[in-house]
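Working through the structure, step by step
Here is what each chain is made of, one letter per residue.
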Amino acid sequence: VIEAAGLCVDLSMQRQSPALEAAAMSLLQARGVADARQALFAGEPVNWTEGKPAWHTALRAGRTREQPDGLDADSVCEYSRMTDFVRKVDQTADFSSVLHIGIGGSDWGPRLAIQAFGGPGQRRQIRFVSNIDGHAFHDAVAGLDPRRCLVVVSSKSFTTSETLHNARAAIAWLKQGGVTDVSEHLAAVTANAPAARALGVPANQVFKMCDWVGGRYSVWSVAGLSIALTVGADVLIGMRAGAEAMDQHFQQAPFASNAPIQLALAGLVNCSVLGHNSLNIAAYSARLLHLVTYLQQLEMESLGKRVAGDGTAVGVPTAPIIWGMPGTDGQHTFFQWLHQSEDGAPVDFIASLQGHTDSPDAHRMLLANCLAQRQALLRGKCLEQALLDVAHIDDQERALSLAQHMVHPGGRPSTLIVLRQLDPRGLGALLALYEHKVFVQSVVWGINPFDQWGVELGKRLATGIERELAVPVSAGVVDWGHDASTSYWIDRYRGHAQAPRSRHAWVPGVAAHL
Ligand code: F6P
């Protein structure tokens, strides 16, 4: 059990042995984890495919205004510009709602933090729109008064098509709603200020993200603007303080009692040695509703790679699939599979010692469920125990058969991460714990956790297909040069193709591309 930055990480239900520990230490040394960690914190270009640092840790250290060597002073000044802006918005009381537009790393952090710390005392309403689906946009603005709404466009690149489309839709919505000076209602968070200016955001309402912080680490940057506007800048300060405490622990604690390193090792054993291809996240907190999606991006966009630094295949499975939902909902959804399916999955249980002060009974039950589930996964239930449960059944054959259904194999690994209470500091420490775990695993697997080439191909294809979908029917039948299925659906959307006569009408064409 490791205490780190106010969190308690209980790894006692993971595989352990002196031999495994010795092997793990040799592995960390052989893979150069200590040097890699130093390079990360020193702002070296650890994102080697893009030749950039991944210096989100500097933003946390910047919190104190004691700038680490070489830190771009602008990033620190941007915080004060951002908080001044929030103060101005609070003073004028012009805006009763915020429409936050962004996707991926420009969306999940604010969603997570606002769900965690919003609620009754919230400063103003917040709506999010990330998806390019028109339903999403219309649902997001339903019931909002455009004259009292501030639109925050968050995009590091300011080229993401979903975000730009939704931003234009928001501008049209403001105009239709009678807003005369639309620019006053726009703020942007981006590393591409000229593009934000071109959209009509006034320079004094554009807040600069740094190029040396990856999109999925944006929550530590001024991308926290919507958090500050909704639940207060103190939440951001607290989160950064918690993350900074975890940074210090990660840098200073010996490997054997280093929480991110030990969590990473448990994951490496589960994934690369025991062959578990997924990791379930079970947060026993309704307020951590968005934690799973946040971690899905952090872990899967970072580790979903198959090529090492020299371009050769890694050769072992890397990123586990991250999935889950808050406990106890998960217990009534998929825990059956965790307990009794043939393979199951490792679980990270996350809980806090204190819950809502008005509902101590509910919190006691929540915690009891969390502890019970991990005990059930570890210990399981053997046939002898199950037979005791059916001892009242006279028919011996039926009793035995039923008992066999009640057997839980057990021996299923889990970690328990405990926060004293869910506060901004605890959340910041928790997110940094996972960031550093992912980093350590990437070093061991030899992959770059800071790029995301895998999302580029689909994006590029979508641009071409979108153009083709817009080609009018009058243009006649066009040979799109796609696989048969894609061409069929382009034509069908354009009103050219009929429903397939049979699946054989086009399946062979698809197969040719497989
Ligand atoms: O999904 C790919 C990605 O580039 C993420 O890494 C990023 O968080 C997201 O798109 C949004 O990018 P941006 O902030 O540039 O709009």
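Our subject in this report is the structure included herewith. Predicted, not measured: the structure shown is a model, and the values here were computed from it.

A separate point is the nonpolar core. In globular proteins that are soluble, nonpolar side chains generally tend to be buried together. Membership of the largest hydrophobic core comes to 95 residues, with the highest contact counts inside it found for L225, I281, L291, I350, I417, L427 and Y434. The greatest single-element share of this core, amounting to 13 residues, is contributed by helix α17 (residues 424–445). Once residues lying within four places of it in the same chain are set aside, the contact partners of I350 are I281, A282, A283, Y284, L288, L291, I417, L419, L430 and Y434. Residues V141, V182, A188 and L199 belong to the second largest nonpolar core, which totals 25 residues.

Attention now moves to the pairing of strand β3 (residues 97–101). Side-chain direction in a regular strand flips from residue to residue, so the side chains alternate between the two faces of the sheet. In terms of residue burial, β3 counts as a mostly covered element, since 5 of its 5 residues are buried. Across the two faces of β3 the burial is the same, with S97, L99 and I101 and V98 and H100 all buried. With respect to chirality, the unit in which β3 leads through helix α5 (residues 108–117) into the neighbouring parallel strand β4 (residues 125–129) is right-handed. One ladder, built from 5 bridges, connects β3 with strand β5 (residues 149–154); its direction is parallel. The residue of β5 that forms the bridge with L99 is V151.

Another aspect to go through is the environment of A470. Tracing the sequence through the fold places A470 in the loop between α18 (456–469) and α19 (484–493). In the structure, A470 is positioned 329 residues away from V141 in sequence and 27 Å away in space, judged by C-alpha atoms.

What follows is about the pairing of strand β10 (residues 347–354). Most of β10 is tucked away: 6 of the 8 residues are buried. Bridge count for strand β8 (residues 278–283) against β10 is 4 bridges, and the pairing is parallel. In the sheet register, A283 faces β10, and the bridge partner there is I350.

What surrounds the ligand is a group of 14 residues, the closest being S106, S155, S157, T160 and E301. Between an oxygen atom of the ligand and a side-chain N or O atom of T160, the distance comes to 2.5 Å. Q297 places a polar side-chain atom, nitrogen or oxygen, 3.1 Å from an oxygen atom of the ligand. Bound to the protein, the ligand loses 87% of the 390 Å² it would expose on its own. Of the residues in the shell around the ligand, the class split is 2 nonpolar, 9 polar and 3 charged.

Glancing now at the sheet that holds strand β11 (residues 414–421). Think of a sheet as strands paired side by side through backbone hydrogen bonds, with each pair either parallel or antiparallel. A sheet is described by the order of its strands in space; here 6 strands give the open sequence β1-β2-β11-β10-β8-β9, paired in mixed fashion. In this open sheet, the two edge strands, each paired with only one partner strand, are β1 (2–4) and β9 (321–324). Direction aside, neighbouring strands of the sheet carry axes that sit 20 degrees apart on average. Sitting on the sheet, helix α14 (residues 360–379) is in contact with β2 (7–10), β10 and β11, with an inclination near 150 degrees to β10.

The rules we used
- Residues numbered from 1 in each chain as written.
- Predicted model: local features only at pLDDT ≥ 70, side-chain atom pairs only at ≥ 80, totals over all residues.
- Heavy atoms only, no water.
- Core = buried A, V, L, I, M, F, W, Y, C linked by side-chain atoms within 4.5 Å.
- Buried < 20%, exposed > 50% of the residue type's maximum accessible area, 1.4 Å probe, protein only.
- Helix = DSSP H or I, 4+ residues; strand = E, 2+ residues; numbered from the N terminus.
- Contact = heavy atoms within 4.5 Å.
- Right-handed = clockwise from strand over helix to strand, strands pointing away.
- Pairing = 2+ DSSP bridges.
- Near = heavy atom within 4 Å.
- Polar contact = N/O pair within 3.5 Å; in protein donor to acceptor, adjacent residues only side chain to side chain.
- Areas by Shrake-Rupley, 256 points an atom, 1.4 Å probe, with all protein chains shown as cover.
- Nonpolar A, V, L, I, M, F, W, Y, C, P; charged D, E, K, R; others polar.
- Axes fitted to C-alpha atoms, helices over the stretch in contact; angles between N-to-C directions.

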